[in-house]
Amino acid sequence: MASYIQKIKSEFFPIRILDKYLFSEFFYTFIGTVIMLVGILIISQVMDNMKNFIASKESSIHIYLYLFYNIPKMATLVIPMSLMFSVCFVVGQFSTNKELVASMAAGVSFYRIVTPIFIFGAFMWIFMLFLSEVVVRPFNSLAAYEFSLIQKGVGTKTDLVYQLHIKGQEGFYYVYWYDAPTKSVRGGFNYIKLNEKNLAEYVISAQNARYNETEKNWKLEKIEEIYFDENMKVKNFTRFDEKIYNFPESADYFSKPRKKIEEMNLFDLSEEIIVRKNKGVPYADLEVERHAIFAVPIMCLIVVIIGAIAGAYTTKSAGVMSLGISVGVVFLYYIMYSTGKSLGEN
């Protein structure tokens, strides 16, 4: 073990001029590509939301904050492609200019030449995982909040849950419109209470419902109550204009998840999976996202390895070849990623 460590130390320390030269060329190309692609995505984001930005009566600071909070997400999207292009371009330039041949003729193997780039690719794998969990997902929440303010400035209602069918502790709910700020249901509130045999004990249908936070109960309006006997025959049917009910669930049970999937970190996803299981709501999309947290960062290491090998075989213009290879590999990856994600969610 000691001899192995000594071998690594003698091989990489002190840092060779070749390592500094190759890595500096690669790093500057990588940073420049990231900045350029992020800039393109920002322009695209502005163009896609131009209608909302112009129509919103909110302060323009919310637009700037929305774009700013989206930058980390954009960076994670372009980093793999930037790595691929930078590796292909730099190694391709070295190959085209015969610098690879000169280095290998001096006794340095190809894999030793590109080792600094491989190490950087491994670092970016860990960095991307950290960036996604600690920065991107919290910033996604902030971006969503800023965008909701922009939409409200336009006059768009963003706090409604539409037609929700959900499992409760003792039965099933079907609500039409749930308005979180007022903790009320409009357009239809239906509840089916199940007995020990999982048969309907009674059904309550109301036009509107409002939750009383102080009394911890529900006030329903324009109600129909239907009670069933053991043979599922109607034994009682009653109408009420208003009535108070003590359902097991509060109004928050019907609210949207506190975060969207892209805003949840690994722990939030695990908690939401448990919540959805208890509610009887599908959660395959959460499972897929939990695996994607690890799948996307590892692409950084994969594209670096592929890019270095592909760049070594570049015989023509390094820029054109690098761009073609990068677009092809990344395009293929995202097709496979999107297909696999769709299959997993469905």
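Relevant structure appears above.
This write-up is about the structure you can find in this document. (Residues numbered from 1 in each chain as written. Predicted model: local features only at pLDDT ≥ 70, side-chain atom pairs only at ≥ 80, totals over all residues. Heavy atoms only, no water.)

Put simply, helix 2 (residues 17-48) and helix 4 (residues 61-96) touch, their axes get as near as 6 Å, and they point 140° apart. When the axes of helix 2 and helix 4 are compared, the pair comes out oblique. Between helix 2 and helix 4 lies a crossing of right-handed hand. Class assignment of the residues belonging to the contact of helix 2 with helix 4 gives a composition of 24 nonpolar, six polar and one charged. (Axes fitted to C-alpha atoms, helices over the stretch in contact; angles between N-to-C directions. Helix = DSSP H or I, 4+ residues; strand = E, 2+ residues; numbered from the N terminus. Parallel < 35°, antiparallel > 145°, perpendicular 65-115°, else oblique. Left-handed = near helix turned anticlockwise from the far one by under 90°. Nonpolar A, V, L, I, M, F, W, Y, C, P; charged D, E, K, R; others polar.)

In the sheet, strand 2 (residues 171-179) pairs with strand 3 (residues 184-194) via eight bridges, with the strands oriented antiparallel. Counted as the bridge partner of Phe172 is Ile192 from strand 3. Between the antiparallel neighbours strand 2 and strand 3 lie four residues, among them Lys183 with a positive phi of about 50°. (Pairing = 2+ DSSP bridges.)

Bridge count between strand 3 and strand 4 (residues 200-212): nine bridges; the pairing is antiparallel. Note on strand 4: the bridge partner recorded for Leu194 is Ala200. Connecting strand 3 to the next strand, strand 4, in antiparallel fashion are five residues, including Asn198 with a positive phi near 60°.

Here the structure, examined in full by the defined rule, presents eleven salt bridges. Notably, a salt bridge pairs Arg137 with Glu133, separated by 3.5 Å at the nearest N-O pair. Here Arg137 pairs with Glu133, and both are found in helix 7 (residues 115-154), just four residues apart, close to one helical turn. The class of Arg137 is buried, set by a relative accessible area of 6%. (Salt bridge = Lys/Arg side-chain N within 4 Å of Asp/Glu carboxyl O. Buried < 20%, exposed > 50% of the residue type's maximum accessible area, 1.4 Å probe, protein only.)

With that settled, the discussion passes to the nonpolar core. The biggest cluster of nonpolar side chains holds 30 residues, and the ones touching the most others in it are Phe26, Phe30, Ile79 and Leu83. Within the residue set of this core, elements represented by two or more residues are helix 2, helix 4, helix 6 (110-113), helix 7 and helix 9 (284-312). Among the elements that make up this core, the one with the highest residue count is helix 4 (nine residues). Beyond its immediate stretch of four places on either side in the chain, Phe26 contacts Leu83, Ser86, Val87, Val90, Ile117 and Phe120. By size, the runner-up hydrophobic cluster in this structure holds 21 residues, among which are Val185, Phe189, Tyr211 and Trp218. (Core = buried A, V, L, I, M, F, W, Y, C linked by side-chain atoms within 4.5 Å. Contact = heavy atoms within 4.5 Å.)

The next subject is unusual backbone geometry. A positive phi is found at Asn198, a non-glycine position, where the angle reads about 60°. Structurally, the position occupied by Asn198 is in the loop between strand 3 and strand 4. Of the residues examined, Asn198 reaches a relative accessible area of 60% and is grouped as exposed. Its identity is not glycine, yet Met232 carries a phi of approximately 65°, on the positive side.

Read these as layout, nothing more, since geometry by itself doesn't imply function.
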